[in-house]
Amino acid sequence: MFFLKGDSVNMAPNSIHWFRKGLRLHDNPALQEAVRGADTVRCVYFLDPWFAGSSNLGVHRWRFLLQCLDDLDSNLRKLNSRLFVIRGQPANVFPRLFKEWKISRLTFEYDSEPFGKERDAAIKKLAMEAGVEVIVKISHTLYNLDKITELNGGQPPLTYKRFQTLISRMDPPEMPVETLSNTIMGCCVTPVSEDHGDKYGVPSLEELGFDIEGLPSAVWPGGETEALTRIERHLERKAWVANFERPRMNANSLLASPTGLSPYLRFGCLSCRLFYFKLTDLYRKVKKNNTPPLSLYGQLLWREFFYTAATTNPRFDKMEGNPICVRIPWDKNPEALAKWAEAKTGFPWIDAIMTQLRQEGWIHHLARHAVACFLTRGDLWISWEEGMKVFEELLLDADWSVNAGSWMWLSCSSFFQQFFHCYCPVGFGRRTDPNGDFIRRYLPILRGFPAKYIYDPWNAPDSVQAAAKCIIGVHYPKPMVNHAEASRLNIERMKQIYQQLSRYRGLGKNFTIFFCHAVFFPLACFPGYHHMPDTGHSSGLYRCNVSHDMAGPQHSGNRHRNVYCMLHEYHTVNITYSLYIPIYNILCGVQQATCCTQEEVLQVRGSESRNEILTVKMTLSPPLTSYNGKLQRSRRFMLPVGTSRVW
Amino acid sequence: MHRRVVGQKGGDDAEEGPGAPELCKRLRQDDSEDGAVDWRLLPEEILLQIFQYLPLLDRAFASQVCRGWNQTFHTPELWRCFEFELNQPASSYLKATHPDLIKQIIKRHSNHLQYVSFKVDSSTESAEAACDILSQLVNCSLKTLGLISTARPSFMELPKSHFISALTVVFVNSKSLSSLKIDDTPVDDPSLKVLVANNSDTLKLLKMSSCPHVSPAGILCVADQCHGLRELALNYHLLSDELLLALSSERHVHLEHLRIDVVSENPGQQFHSIKKSSWDAMVRHSPKFNLVMYFFLYENEFGPFFGDEVPVTHLYFGRSVSKEVLGRVGLTCPRLVELVVCANGLRPLDEELIRIAERCRQLSAIGLGECEVSCSAFVEFVKMCGGRLTQLSIMEEVLVPDSKYGPDDIHWEVSKHLGRVWFPDMMPTW
């Protein structure tokens with residue numbers, strides 16, 4: 001029998017399904033494509049043993065992955081198939097596999113991340129050259145992310161609210177496809193050789209060079225089978241409490257829960273679409289209500305949001321060169337960073353969370369907020385990129401997009417928030433778990449402290465420390481910063497940055513937009529300040545000229561008119577119209593500020609011919625941010641409360 | 001390269017300056033004749049105008065085009081405002097102002113500088129470099145000076161004498177400083193005396209939060225002498241009845257902003273209190289002044305605060321604040337405009353918020369972090385304040401659903417009372 005290369009017309013094809021994420025047999029459309037009408041199918045996973053030792057993934061993540069692969073292999077065995085774990089790099093190995101196995105079809109799940117897209121494009125090219133048909137299916141996200149971006153006018157949405165609006169305008173996600181079964185397999189087989197175990201078996205942690213002595217058993221066992229058990233438990237619990245709100249945080253929710261799903265979604269052991277539709281069904285059953293609110297899918301949508309924001313941005317995980325990230329003058333401080341990462345900050349709440357992260361690979365999302373805030377804008381003023389790297393190593397569910405996106409969010413570097421507060425490393429924990437059991441569990445050294453002092457043991461009298469057999473400064477470190485002082489400083493720094501952002505010269509070749517208000521320190525370090533006549537200080541009023549934007553598309557008739565204005569200073573601003581623009585309403589008062597920020601420019605609506613002086617109270621800031629090197633206005637950018645105006 | 005900067009759309013840009021139309025015509029003529037634009041014909045005023053919109057680096061590149069442009073590059077107007085960025089590679093991710101540029105500025109433009117700021121990273125070297133530059137600014141007359149620590153307060157790590165001598169160079173030479181920002185620096189009473197002796201007529205703004213070497217007497221001397229002072233920021237331990245009386249003396253102009261940071265250095269610290277009569281004098285003298293107060297205290301340290309009426313307009317509770325203190329805020333802060341509560345205990349703040357809505361008739365912005373409010377009480381609060389609430393930032397977790405409103409209908413109800421679409425703030429669940 002002769003095979004012609006790429007001859008899939010007469011012959012049933014030989015397929016490879018390439019697993020990366022999506023480590024499951026349920027709802028795996030690409031895997032189904034591999035099997036459909038095929039003669040043979042081989043499921044491969046690439047592992048680079050050399051990479052394993054040098055990569056920055058921690059042992060917990062490797063163990064989780066290997067357990068996923070083991071589970072995948074044993075589920076494939078039930079279908080008389082096997083998983084092929086290939087040692088090496090896809091680009092190097094694929095050409096050989098194509099030849100050796102006479103492959104004519106390659107299938108894999110779509111990867112939306114920039115690095116993945118690049119890698120996949122190279123493999124596609126390679127496959128095409130070898131005459132191999134490539135089929136790619138979306139199943140790691142609920143939606144086709146490019147569609148979301150398209151709906152938003154070509155830019156990924158920068159706020160979660162905007163994202164929700166877009167989602168509500170789209171069709172619901174596609175239904176999950178059937179689980180791979182013997183029926184679907186049909187006459188498609190997997191040729192398995194005698195020495196499959198030696199050649200393609202799932203390696204152990206020791207084989208990858210990890211020292212597993214003393215490694216505690218996994219709190220989060222990996223694999224599709226575990227994921228499917230968990231989702232049932234998760235839904236049962238939801239049905240039982242008949243409560244679909246986000247559970248309120250308490251001492252218990254800090255601990256790893258047997259109904260937790262995030263690592264399984266990360267590795268694709270659980271299909272997000274399956275989760276989505278199971279939630280929908282349950283909601284309808286329990287609430288007898290036809291339309292579940294978007295908030296039901298919160299966890300899934302946040303993930304989707306960050307994937308969307310990252311898919312076209314290869315610098316998403318960096319500050320420099322990342323168009324959506326505010327440049328913040330973070331401090332470089334390796335010692336302080338190490339203390340944070342190694343749970344030696346001297347704040348039991350922070351250290352307990354970091355210990356849990358290191359031991360188990362998962363922490364509650366509010367605990368993430370607490371440690372991320374502490375590292376960045378709250379206390380240490382260290383770059384979010386450093387924190388992100390530590391999470392990448394330790395956190396089971398750390399995905400490139402979601403990890404970087406969350407860190408930018410939590411450090412106030414992007415996805416502009418209005419509200420701006422620092423979690424207190426003492427009070428936040430105390431409110432969540434007043435008794436301090438969480439701390440005693442992860443920091444046994446502090447076990448002897450009474451609840452009163454367990455969050456701030458340095459304030460405990462010597463006698464209490466002696467009774468607890470833990471002297472602060474000897475057995476447990478003293479707090480590395482004075483939180484009150486640090487948060488005061490850092491709020492000040494953030495304010496500086498955001499105020500300067502709002503002062504950017506923006507837009508238009510003719511005019512400048514400055515909507516600078518209530519800057520407590522209005523005179524110094526104000527680029528361009530000297531252009532303005534210093535008339536205001538005596539009256540507290542400043543004058544500025546508003547000129548017509550001649551380039552605007554709608555400058556005739558009674559339509560809205562775009563006006564760029566140059567506003568300096570705070571309080572009341574007198575806007576003098578130097579051109580004869582008919583005016584009757586200016587939308588820049590406080591009330592309409594949200595509307596203003598939605599539009600590209602401040603709008604002035606014209607009707608009758610009048611030349612007048614308007615007094616406008618500006619209290620909100622313009623959405624100015626840097627995008628693609630140019631200064632543009634983001635959709636929603638307001639100074640966070642506490643950084644705006646007279647603060 | 002034919003980059004048409006001017007004359008692209010004729011009329012549009014013509015309003016820029018009187019000479020522009022002819023210039024455009026001339027440029028176009030040249031363009032059509034031999035295909036080249038004679039940039040020398042660009043009047044200096046226009047070039048200057050363009051330069052003002054260019055970042056320094058681009059201006060520097062442009063200055064290498066020809067002698068004329070180089071001359072414009074050095075026009076004093078372009079050097080009035082300068083921000084020195086002093087960063088070390090070991091402690092900062094950001095670039096620093098090039099040392100050669102600093103040298104050039106000191107050599108050629110130090111007499112043009114008027115609005116100067118120093119941004120300094122967390123290293124002592126950078127703070128030292130800032131002082132070195134300051135002490136060379138002998139022949140300039142600054143109007144504004146800002147010393148800004150972008151990370152940790154590195155000026156505090158300098159020997160005090162070194163810092164003071166650099167700063168006094170500016171104080172003595174400038175004579176017309178109107179604005180001075182020296183937060184987190186080792187400035188002391190004698191140096192403030194020098195400031196006052198030389199700049200008392202012009203000083204309008206003084207920002208000096210967390211300057212531990214200044215005493216209440218030191219700041220009192222500033223308030224006594226600088227009658228034009230409109231904006232002042234300092235820590236609570238410098239605030240005294242005498243200071244408020246000095247600021248509200250007849251000779252003193254109306255105060256616009258007073259910012260007070262209340263920070264506790266050690267737990268259980270005792271704070272002095274300010275007499276109601278002193279605040280009353282202040283309000284009588286400057287009825288419109290903003291009193292901004294930042295609190296970074298433990299709950300048990302609020303004793304002396306909010307007992308009597310206080311004319312605070314902007315309140316920020318950076319650490320936890322008790323339910324009881326918030327209850328007092330409603331009773332004692334009739335001028336309150338903005339309120340931010342970062343954290344509170346686990347008991348809902350229902351009555352406290354409603355009392356604030358009732359008593360604080362100017363309240364227009366509120367932010368709530370780690371606290372709890374029942375949805376009904378929150379709706380009631382918004383209903384009472386209505387459209388004057390221009391900023392309403394409430395973390396999602398703050399709102400506790402009750403029998404009347406769930407998490408999904410609260411945003412409709414609140415939007416209705418506000419007259420605009422409103423949502424609570426959300427944090428990623430991840």
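Each residue is numbered by its place in its chain's sequence as written, counting from 1. Each chain gets a letter, beginning with A, and each ligand a number, beginning with 1, in the order they are written. Given that the model is predicted, a residue must reach a pLDDT of at least 70 before its local features are reported, and side-chain atom pairs must reach 80 or more before they are shown or counted; all residues, however, enter totals for whole chains, interfaces and linings. Here the side-chain values reflect all heavy atoms present in the structure, with hydrogen atoms and water set aside.

1. As for the confidence of the model for chain A
All names here are of chain A.
Then, in step 1: Confidence of the predictor at the level of single residues is given by pLDDT, which spans 0 to 100. On average, residues of chain A carry a pLDDT of 76, and 72% of them reach 70 or more.
Then, in step 2: Only DSSP runs of H or I with at least four residues qualify as helices, and only runs of E with at least two residues qualify as strands; both kinds are numbered from the N terminus onward. Taking the mean pLDDT of every element in chain A, the minimum, 23, falls on strand β6 (residues 514-515) and the maximum, 97, on strand β4 (residues 105-109).
Then, in step 3: The contact criterion used throughout is that any non-hydrogen atoms of two residues lie within 4.5 Å. Note on residues 1-9: pLDDT under 50 across the span, and 5 contacts to partners over four residues away in sequence or across chains.
Then, in step 4: Between residues 504-647, whose pLDDT stays under 50, and residues either more than four places distant or in other chains, the model counts 398 contacts.

2. Section: the sheet that holds β4 of chain A
All names here are of chain A.
Then, in step 1: Strand pairing is assigned whenever DSSP identifies at least 2 bridges connecting the two strands. Spatially, 5 strands are ordered β3-β2-β1-β4-β5 in an open sheet, and the strand pairing comes out parallel. With one partner strand each, in any of the chains shown, β3 (83-87) and β5 (133-137) form the two edges of the open sheet. On average, each strand axis in the sheet is inclined to that of its neighbour by 30°, with strand direction left out of account.
Then, in step 2: Here strand β1 (residues 14-19) runs beside β4; their pairing, made up of 4 bridges, is parallel. From the neighbouring strand, S15 faces β4, where its bridge partner is R105.
Then, in step 3: Axes here mean lines fitted to C-alpha atoms, for a helix over just the part in contact, with angles spanning 0 to 180 degrees between N-to-C directions. Lying over the sheet, helix α3 (residues 59-77) contacts β1, β2 (40-47) and β3, oriented at roughly 170° with respect to β2.

3. Focus: the UniProt feature "site: Electron transfer via tryptophanyl radical" (unreviewed entry) in chain A
Then, in step 1: Taking the numbering used here, the UniProt-annotated feature "site: Electron transfer via tryptophanyl radical" (unreviewed entry) corresponds to W330, W384 and W407 of chain A. These annotated residues cover 78 residues of sequence, and their C-alpha atoms all fall within 13.7 Å of one another, placing them together at a single site.
Then, in step 2: Considering the arrangement of structural elements, one finds W330 of chain A in the loop between α13 (298-310) and α14 (334-341).
Then, in step 3: Within the secondary structure, W407 of chain A is located in helix α18 (residues 400-410).
Then, in step 4: Throughout this description, buried means an accessible area under 20% of the type-specific maximum (1.4 Å probe, protein chains only), exposed means over 50%, and partly exposed covers the range between. When its relative accessible area of 1% is taken as the criterion, W407 of chain A is described as buried.
Then, in step 5: Ignoring anything within four residues of it in the chain, the contact list for W407 of chain A reads W340, A372, L375, T376, W384, G387, M388 and F391 of chain A together with W430 of chain B. UniProt positions are given in the numbering used here, feature names are shortened, and annotations may be inferred rather than shown by experiment.

4. Notes on the packing of helix α12 (residues 272-287) of chain A against α13 of chain A
All names here are of chain A.
Then, in step 1: As a packed pair, α12 and α13 sit with axes 10 Å apart at the nearest point and diverge in direction by 145°. Crossing of α12 against α13: the hand is left-handed. Between α12, through C272, F275 and Y276, and α13, the contact on the second element is made entirely by Q299, L300 and R303.
Then, in step 2: Residue type decides the class: Asp, Glu, Lys and Arg count as charged, Ala, Val, Leu, Ile, Met, Phe, Trp, Tyr, Cys and Pro as nonpolar, and the leftover types, Gly among them, as polar. Classifying every residue of the contact of α12 with α13 by side-chain character gives 4 nonpolar, 1 polar and 1 charged. A crossing counts as left-handed when the near helix is turned anticlockwise from the far one by less than a right angle, and as right-handed when that turn is clockwise.

5. Notes on the UniProt feature "binding site: FAD" (unreviewed entry) in chain A
Then, in step 1: The sites that carry the UniProt feature "binding site: FAD" (unreviewed entry) are, in the present numbering, Q299, L300, L301, W302, R303, E304, F305, F306, D397, A398 and D399 of chain A.
Then, in step 2: By the secondary structure assignment, Q299 of chain A is in helix α13.
Then, in step 3: Contacts of Q299 of chain A, omitting those with residues within four sequence positions, involve S262, L265 and F275 of chain A together with T429 of chain B.
Then, in step 4: Look at D399 of chain A and you get buried, because its relative accessible area is 3%.

6. With respect to α3 of chain A
Then, in step 1: Between its first and last C-alpha atoms α3 of chain A spans 27 Å; for 19 residues at 1.5 Å apiece the expected length is 27 Å, and the two agree.
Then, in step 2: Extensive coverage of α3 of chain A is indicated by the burial of 14 of its 19 residues. In this scheme, a helix's expected span is set at 1.5 Å multiplied by one less than its residue total.

7. Points about helix α12 (residues 276-285) of chain B
Residue and element names in this part refer to chain B.
Then, in step 1: Among the residues of α12, S278, W279, A281, M282 and H285 are the ones counted as buried. Here the buried residues of α12 occupy an arc of 155° about the axis, which is enough to place them on one side.
Then, in step 2: The secondary structure elements touched by the buried residues of α12 are α11 (241-247), β7 (257-263) and β8 (290-296). Directions drawn from the helix axis to the C-beta atoms are what define this arc.

8. Let's talk about the pattern of salt bridges
Then, in step 1: Between Lys or Arg on one side and Asp or Glu on the other, a salt bridge is scored when a side-chain nitrogen of the former is within 4 Å of a carboxyl oxygen of the latter. In this structure the tally under the stated criterion is 42 salt bridges over all chains.
Then, in step 2: Its salt-bridge partner being D437 of chain A, residue R440 of chain A comes within 3.4 Å of it at the nearest N-O pair. In this pair, R440 of chain A and D437 of chain A are both assigned in helix α20 (residues 437-442), 3 residues apart and thus about one turn of the helix distant.
Then, in step 3: Judged by its relative accessible area of 16%, R440 of chain A falls in the buried class.
Then, in step 4: A cluster of three or more residues bridged by salt bridges with shared partners is formed by E485, R488, E492 and K495 of chain A together with D183, D184, K207, R259 and D261 of chain B.

9. Examining the sheet that holds strand β10 (residues 338-343) of chain B
Residues and elements named next belong to chain B.
Then, in step 1: If you walk across this open sheet you meet the 12 strands as β1-β2-β3-β4-β5-β6-β7-β8-β9-β10-β11-β13, and the pairing is parallel. Each edge of the open sheet is held by one strand with a lone partner, namely β1 (81-86) and β13 (391-394). Recorded for the sheet is a direction-independent mean angle of 10° between the axes of neighbouring strands.
Then, in step 2: The pairing of β8 with strand β9 (residues 314-320) spans 4 bridges and is classified as parallel. Across the sheet, the residue bridging to Y294 is Y316, located in β9.

10. Quick word on the side chain of S286 of chain B
All names here are of chain B.
Then, in step 1: Inspection of the secondary structure puts S286 in the loop between α12 and β8.
Then, in step 2: For S286, a relative accessible area of 1% puts it in the buried group.
Then, in step 3: At 2.8 Å, the side chain of S286 forms a polar contact with the backbone nitrogen of L255.
Then, in step 4: Excluding residues within four positions of it along the chain, S286 makes contact with V253, H254 and L255. Under this definition, polar contacts are N or O atom pairs within 3.5 Å; protein pairs additionally need one hydrogen-donor-capable and one acceptor-capable atom, and for neighbouring residues in sequence, both atoms have to be side-chain atoms.

11. Notes on the packing of helix α13 (residues 323-332) of chain B against helix α14 (residues 350-359) of chain B
Residue and element names in this part refer to chain B.
Then, in step 1: For the pair α13 and α14, the least separation of the axes is 8 Å and the interaxial angle reads 15°. Judged on the interaxial angle alone, α14 and α13 are roughly parallel. Crossing geometry of α13 relative to α14 is assigned as left-handed. Between α13, through K323, L326, G327, R328, V329, G330 and L331, and α14, the contact on the second element is made entirely by E351, E352, R355, I356 and R359.
Then, in step 2: The residue inventory of the contact of α13 with α14, partitioned by class, reads 4 nonpolar, 2 polar and 6 charged. In what follows, roughly perpendicular refers to angles from 65 to 115 degrees, roughly parallel to angles under 35, roughly antiparallel to angles over 145, and oblique to any angle outside these ranges.

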